[in-house]
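Structural features, examined
If you want the building blocks of each chain, they are given just below.
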Amino acid sequence: MRITPSVLNADLSDLAGTLEKIPSSDAVHVDIMDNHFVPNMTFGLPVVEALRRRTTLPMDIHLMVDNPDSYAPQFAEIGCESVTFHVEASGAPIRLARELRRLGARASMALKPATPIEPYADMLGELDQVLLMTVEPGFGGQKFLDLVLPKIRRTRRLVAATGQDIWIQVDGGVSVETISRCAEAGADVFVAGTAVFRADDPDQMVRQLREQATAACSH
């Protein structure tokens, strides 16, 4: 069970300081938005490059942008350990996944809540992770969409059929109220933003969420 806090909900005026508050995290999740694929704009490559120099935590990049085919490899080139692209925006997702792996990053494919997993079953073997959005992408602090839980279960079955170690990440509205349901459905990587950074002790919240997910999965 891995917890990857999203800095979108952190103190944006002190991102480096924010990362020092979550040493127990498995990675730091960075949302890149372009105001085209989603109605919001966040960080670009220079900000991520600066953060990369300030933390030893793995960088988990989530691109919510048009044309990730040309943009995503740049994040692998600067040493980000995991790069996620939205399949809805990619023109050649298999080629992109292979390029990310060639550059040394974990290749991850994201799906919006209404995008089914089944059309992409045959390409799961090209991936290291599948990210299932549990809110509509674009903004932090949204309410978790329970309607995605059946898709998490179906994705877990499809991943199991490959016989490969492919992580299933959920992103959106993950909190102490929702993480157990996600873990029971088959997720094993959890993006939590508001829940972590609005807690009195962000690192304690990271540990609490991991414990909850682990307990739910063992039932």
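Residues numbered from 1 in each chain as written. Predicted model: local features only at pLDDT ≥ 70, side-chain atom pairs only at ≥ 80, totals over all residues. Heavy atoms only, no water.

**Remarks on the packing of helix H3 (residues 68-77) against helix H4 (residues 93-102)**
Defined as follows: Helix axes use the C-alpha atoms of the stretch in contact, all axes being lines fitted to C-alpha atoms, and the angles between their N-to-C directions lie in the range 0 to 180 degrees. The numbering of helices and of strands both runs from the N terminus, where a helix is a DSSP run of H or I of at least 4 residues and a strand a run of E of at least 2. By the definition adopted for this analysis, an angle is roughly parallel if under 35 degrees, roughly antiparallel if over 145, roughly perpendicular if from 65 to 115, and oblique otherwise. Crossing handedness is read from the near helix: turned anticlockwise from the far helix by less than a right angle, it gives a left-handed crossing, and turned clockwise, a right-handed one. By definition in these notes, contact holds between two residues if any of their heavy atoms fall within 4.5 Å. In the scheme used here, Gly and all other residues not listed as nonpolar or charged are polar, with Ala, Val, Leu, Ile, Met, Phe, Trp, Tyr, Cys and Pro taken as nonpolar and Asp, Glu, Lys and Arg as charged.
At a closest axis distance of 9 Å, the pairing of H3 and H4 adopts a crossing angle of 15°. Taken as axis vectors, H3 and H4 run roughly parallel relative to one another. Read as a crossing pair, H3 and H4 show a hand that is right-handed. Here Pro-68, Asp-69, Ala-72, Pro-73 and Ala-76 of H3 lie close against H4, whose contacting residues are Leu-96, Glu-99 and Leu-100. Residue classes in the contact of H3 with H4 are distributed as 6 nonpolar, no polar and 2 charged.

**Concerning the pairing of strand S2 (residues 28-33)**
Keep this limit in mind: Buried residues are those whose accessible area, probed at 1.4 Å on protein chains only, stays under 20% of the maximum for their type, while exposed residues exceed 50% and partly exposed ones sit between those limits. DSSP-based pairing: two strands are paired if at least 2 bridges between them are found. The handedness rule is simple: strands pointing away from the viewer, and a clockwise path from the first strand over the helix to the second, make the crossover right-handed.
With respect to burial, S2 is a largely interior element, 6 of its 6 residues being buried. Both faces of S2 are covered, namely the face carrying Val-28, Val-30 and Ile-32 and the face carrying His-29, Asp-31 and Met-33. Sheet topology places S2 next to strand S3 (residues 59-64); 6 bridges connect them, and they run parallel. Its bridge partner being in S3, Val-30 is matched across the sheet by Ile-61. With helix H2 (residues 45-54) bridging S2 and its parallel neighbour S3, the resulting β-α-β unit is right-handed.

**Re the sheet that holds strand S5 (residues 106-111)**
Pairing is parallel in the open sheet, where 8 strands are placed in the order S1-S8-S7-S6-S5-S4-S3-S2. Across the chains shown, the open sheet's two edge strands, defined by having one partner strand only, are strand S1 (2-3) and S2. One ladder, built from 3 bridges, connects strand S7 (residues 167-171) with strand S8 (residues 189-191); its direction is parallel. By the bridge assignment for S8, Asp-171 is matched with Val-191. Each of strand S4 (82-86) and S5 is contacted by H4, which is oriented at about 170° to S4, the strand it contacts most.

**Examining the UniProt feature "active site" (unreviewed entry) in the protein chain**
Here is the rule we go by: UniProt positions are given in the numbering used here, feature names are shortened, and annotations may be inferred rather than shown by experiment. Polar contacts here mean pairs of N or O atoms no more than 3.5 Å apart (in protein, one a potential hydrogen donor and the other a potential acceptor; neighbouring residues in sequence count only if both atoms are side-chain atoms).
The feature "active site" (unreviewed entry), as annotated in UniProt, sits at Asp-31 and Asp-171 in this numbering. For the annotated residues, spread through 141 residues, the largest C-alpha to C-alpha distance comes to 10.5 Å, consistent with a single compact locus. By secondary structure assignment, the location of Asp-31 is in strand S2. Leaving out residues up to four positions away in the same chain, Asp-31 has contacts with Ser-6, Leu-8, Thr-42, Phe-43, His-62, Met-64 and Asp-171. One polar contact links Asp-31 to Ser-6, side chain to side chain, over a distance of 2.8 Å. Relative to the assigned elements, Asp-171 resides in strand S7. Looking at Asp-171, the relative accessible area reads 8%, which means it is buried. Residues in contact with Asp-171, not counting those within four places in the same chain, are His-29, Asp-31, His-62, Leu-131, Leu-132, Met-133, Thr-134, Val-135 and Val-191.

**Focus: helix H8 (residues 202-218)**
Note the cut-off: One less than the number of residues in a helix, times 1.5 Å, gives the span that helix is expected to have. Arc definition: directions from the helix axis to the C-beta atoms.
Given a rise of 1.5 Å per residue, 17 residues ought to cover 24 Å, and the 25 Å separating the end C-alpha atoms of H8 matches this to within 8%. For H8, the complete set of buried residues consists of Pro-202, Asp-203, Met-205, Val-206, Leu-209, Arg-210, Ala-213 and Ala-216. All buried residues of H8 lie within an arc of 160° about the axis, which places them on one face of the element. Away from its buried face by more than 90 degrees, H8 exposes Glu-211 and Ser-218. In this structure, the buried residues of H8 make contact with S1, helix H6 (179-185), S8 and helix H7 (194-197).

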